Amino acid sequence: MEFLEQHNLTGIVIGIATFLIIGLFHPMVIRGEYHFGVRCWWFFLVMGIAAMAGALIVRHILWSTLLAVWGASSFWSIGELFEQRRRVAKGWFPSNPKRKG
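Please read these numbers as outputs of a predicted model, since none were measured by experiment.

Cut-offs and rules
- Residues numbered from 1 in each chain as written.
- Predicted model: local features only at pLDDT ≥ 70, side-chain atom pairs only at ≥ 80, totals over all residues.
- Heavy atoms only, no water.
- Phe/Tyr/Trp six-rings, centres within 6.5 Å; stacked < 30°, edge-to-face > 60°.
- Helix = DSSP H or I, 4+ residues; strand = E, 2+ residues; numbered from the N terminus.
- Axes fitted to C-alpha atoms, helices over the stretch in contact; angles between N-to-C directions.
- Parallel < 35°, antiparallel > 145°, perpendicular 65-115°, else oblique.
- Contact = heavy atoms within 4.5 Å.
- Nonpolar A, V, L, I, M, F, W, Y, C, P; charged D, E, K, R; others polar.
- Salt bridge = Lys/Arg side-chain N within 4 Å of Asp/Glu carboxyl O.
- Expected span 1.5 Å × (residues − 1).
- Bend = angle between axes of the 7 residues up to and from the residue.

**Q** Got a minute to help me understand the packing of aromatic side chains in this structure?
**A** Given two aromatic rings, their pairing is described by the distance between the two centres and the angle made by the two planes. Scanning the entire structure with this criterion turns up four aromatic pairs. Plain terms: the ring middles of Phe-25 and Trp-70 are 5.0 Å apart, the flat faces sit at 70° to each other, and that makes the pair edge-to-face. Of this pair, Phe-25 sits in helix 2 (residues 10-36) while Trp-70 sits in helix 4 (residues 61-89); the two residues are 45 residues apart in sequence, bridging distant segments of the chain. On the basis of an interplanar angle of 90° and a centroid distance of 6.5 Å, the ring pair of Trp-42 and Phe-43 is categorised as edge-to-face. Following the ring pairs from residue to residue traces out a cluster consisting of Phe-25, Trp-42, Phe-43, Phe-44 and Trp-70.

**Q** Help me understand the packing of helix 2 against helix 3 (residues 41-57) in this model?
**A** Where helix 2 contacts helix 3, the two axes come as close as 11 Å, and the packing angle between them is 150°. What the angle tells us is that helix 2 and helix 3 run roughly antiparallel. Contact residues: Phe-25, Met-28 and Val-29 in helix 2; Phe-43, Phe-44 and Met-47 in helix 3. Split into classes, the residues belonging to the contact of helix 2 with helix 3 amount to six nonpolar, no polar and no charged.

**Q** When you look at the pattern of salt bridges in this model, what are you seeing that I'm missing?
**A** One side chain can pair with another of opposite charge once the charged atoms of both are near each other. Tallied over the full model, the rule gives two salt bridges. For Arg-87, the salt bridge goes to Glu-80, with nearest N and O atoms at 3.1 Å. Residues Glu-83 and Arg-86 are paired through a salt bridge, measuring 2.5 Å at the closest nitrogen-oxygen approach. In this pair, Glu-83 and Arg-86 are both assigned in helix 4, three residues apart and thus about one turn of the helix distant.

**Q** Help me understand helix 4, please; the structure alone is not making it clear to me.
**A** Count 3.6 residues to each turn of an α-helix, and residues three or four apart come out pointing the same way. Across its 29 residues, helix 4 extends 42 Å between first and last C-alpha, which sits within 8% of the 42 Å expected from 1.5 Å per residue. Residue Ile-78 marks the point of greatest curvature in helix 4, where the axis turns by about 30°. Within two residues after helix 4, Gly-91 carries a phi angle of roughly 90°, on the positive side.

Structure, rendered in structure tokens:
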């Protein structure tokens, strides 16, 4: 961590990690809707609350920021889950033939 601070790289690390976190949530939403429908919204809610609570507890700026990004991405994913259901209904993504409703 000292290396990051000495070379003023903390912002770059946060930016790259944010990009990766958001990139991770995109397939999570698609797969979650495919396998569980929108019923898995609570998983993203719990994960978001836990990450935000962690961001409040952790004192190190890098880890606190990354937890906050994780939490915000979790909350955003709830809305994206319902949008994904609309995209599936429009035929833009495949629906799961094994799942009813």
